[in-house]
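# Descriptive analysis of the structure
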Amino acid sequence: MNHQKVRLGSGLYFVATPIGAARDITLRALDVLASADLIAAEDTRSLRRLMEIHGVPLEGRRILAYHDHSGAGARQKILQALADGNSVAYASEAGMPLIADPGYDLGRQAAEAGHTVTCAPGPSAALMALTLAGLPTDAFYFAGFLPNTSNARKSRIEALRDVPGTLIFYESPKRVAACLSDLAAVLGDTRQAALCRELTKKFEEVKRGTLAELAADLSGQTVKGEIVLLVDRGHSETVNELDVEQALKEALETHSVRDAADLVSDMFKLPRRPIYQKALKLGKG
Ligand code: SAM
């Protein structure tokens, strides 16, 4: 048995569920599901099935359906259960609650009413995709789903053009080809990107390339499964030469020509060769 019954204090426990592989649930999430006084879920059927897979008994507890459109009634039931001193588990259908999923209003109102709000965290498609994409992870921007129509989508993409981090989108297989071609049209053909599909499942796949390459790859093809799209930040072509020279001079005070060139080309995201030539000249001077 993987779970154990634990004494949960009164409060709201968000519970992350797997994004594919059922065994990605955490032991703590199972403990919370086994022990909460009340269980609520975005999708009651899939949670019941997940609990069955892992042998977590309901023991007479009903699973309450709750999502953002359930309205104030269902939320009120949960808030009342919290006010009565109960522990309430709320599970998403897949992945982390609130991440392009319901739970925001519930968490906010529970916290405002002074209840403990915590989480048994777990997988999220956005973070797994970021780990696999081969794009910088130092800063990223989760943009959720893009609008369905091309005009609205292009304006949204335009607004994200200068975000200084990797862009992460959730996308449906039906729209992904159109979406990639709009991304290429607005952000330029050459931005690096990645398409991550069916993460943690049998047909998991990661395709990396420029936006134009990925768009061409998909055009006229039927794509299946769940998808995360990632796009590298823009790299400005108008880097100030004086800034580069100054950075090189400073780097050369403490580093070899080779290391200074590596450092500065990384810093400005510029090709290494011309920076190395410049460093050589400065190093001699
Ligand atoms: N809360 C979830 C999370 O933390 O990742 C996301 C829920 S959102 C309604 C569903 C979208 O997430 C899908 O349309 C897809 O874009 C992405 N997604 C979920 N599971 C995925 C998977 N196994 N592989 C790729 N993308 C996935």
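These remarks concern the structure in this document. These numbers come from a predicted model, not from an experiment.

## Re the sheet that holds strand E5 (residues 117–120)
- Taking strand neighbours across the sheet as the criterion, the five strands line up as E3-E2-E4-E1-E5 in an open arrangement whose pairing is parallel. Both outer strands of the open sheet, strand E3 (63–65) and E5, are each paired with one neighbouring strand and no more. This sheet shows a mean twist of 25° between the axes of neighbouring strands, independent of strand direction.
- One ladder, built from four bridges, connects strand E2 (residues 38–41) with strand E4 (residues 87–91); its direction is parallel. Looking at E4, one finds that Ile39 is bridged to Ala89.
- This element, helix H3 (residues 72–83), spans strand E1 (11–15), E2, E3 and E4 of the sheet and lies at about 140° to E3.

## Considering the nonpolar core
- By size, the foremost hydrophobic cluster in this structure holds 24 residues, and its most contacted members are Phe169, Leu180, Leu183 and Leu229.
- Those elements giving two or more residues to this core turn out to be strand E7 (166–171), helix H7 (176–187), strand E8 (192–197), helix H8 (211–218) and strand E10 (227–231).
- At seven residues, the largest contribution of residues to this core is made by H7.
- If sequence neighbours within four positions are ignored, Leu229 has contacts with Leu167, Ile168, Phe169, Val176, Cys179, Leu180, Leu183, Ala194 and Leu195.
- In terms of nonpolar packing, the next biggest core, distinct from the first, is built from 20 residues, Ala29, Ala41, Leu47 and Ile63 among them.

## Describing the sheet that holds E8
- Within the open sheet, the five strands sit side by side as E6-E7-E10-E8-E9. Their pairing is mixed. The sheet terminates laterally at strand E6 (140–145) and strand E9 (205–210), the two strands that pair on one side only. Strand-to-strand, the axes of this sheet are offset by a mean angle of 15°, without reference to chain direction.
- Together, E6, E7, E8, E9 and E10 form the strand contacts of helix H5 (residues 125–132), whose direction differs from that of E7 by roughly 130°.

## Overview of the site of the ligand
- Neighbouring residues of the ligand: 18 residues in total, closest Asp101, Ser124, Ala125, Tyr170 and Ile227.
- With respect to the ligand, the side chain of Glu226 contributes an N or O atom lying 3.3 Å from a nitrogen atom.
- Relative to its unbound accessible area of 570 Å², the ligand is 90% covered by the protein chains.
- Among the secondary structure elements, those contributing two or more residues to the shell around the ligand are E7 and E10.
- When the residues that make up the shell around the ligand are grouped by side-chain class, the tally is 11 nonpolar, two polar and five charged.
- There are two domains that each give the shell around the ligand at least three residues, and those are domain 1 (11–123) and domain 2 (126–231).

Calculation rules
- Residues numbered from 1 in each chain as written.
- Predicted model: local features only at pLDDT ≥ 70, side-chain atom pairs only at ≥ 80, totals over all residues.
- Heavy atoms only, no water.
- Pairing = 2+ DSSP bridges.
- Helix = DSSP H or I, 4+ residues; strand = E, 2+ residues; numbered from the N terminus.
- Axes fitted to C-alpha atoms, helices over the stretch in contact; angles between N-to-C directions.
- Contact = heavy atoms within 4.5 Å.
- Core = buried A, V, L, I, M, F, W, Y, C linked by side-chain atoms within 4.5 Å.
- Buried < 20%, exposed > 50% of the residue type's maximum accessible area, 1.4 Å probe, protein only.
- Near = heavy atom within 4 Å.
- Polar contact = N/O pair within 3.5 Å; in protein donor to acceptor, adjacent residues only side chain to side chain.
- Areas by Shrake-Rupley, 256 points an atom, 1.4 Å probe, with all protein chains shown as cover.
- Nonpolar A, V, L, I, M, F, W, Y, C, P; charged D, E, K, R; others polar.
- Domains from an automatic or database assignment.

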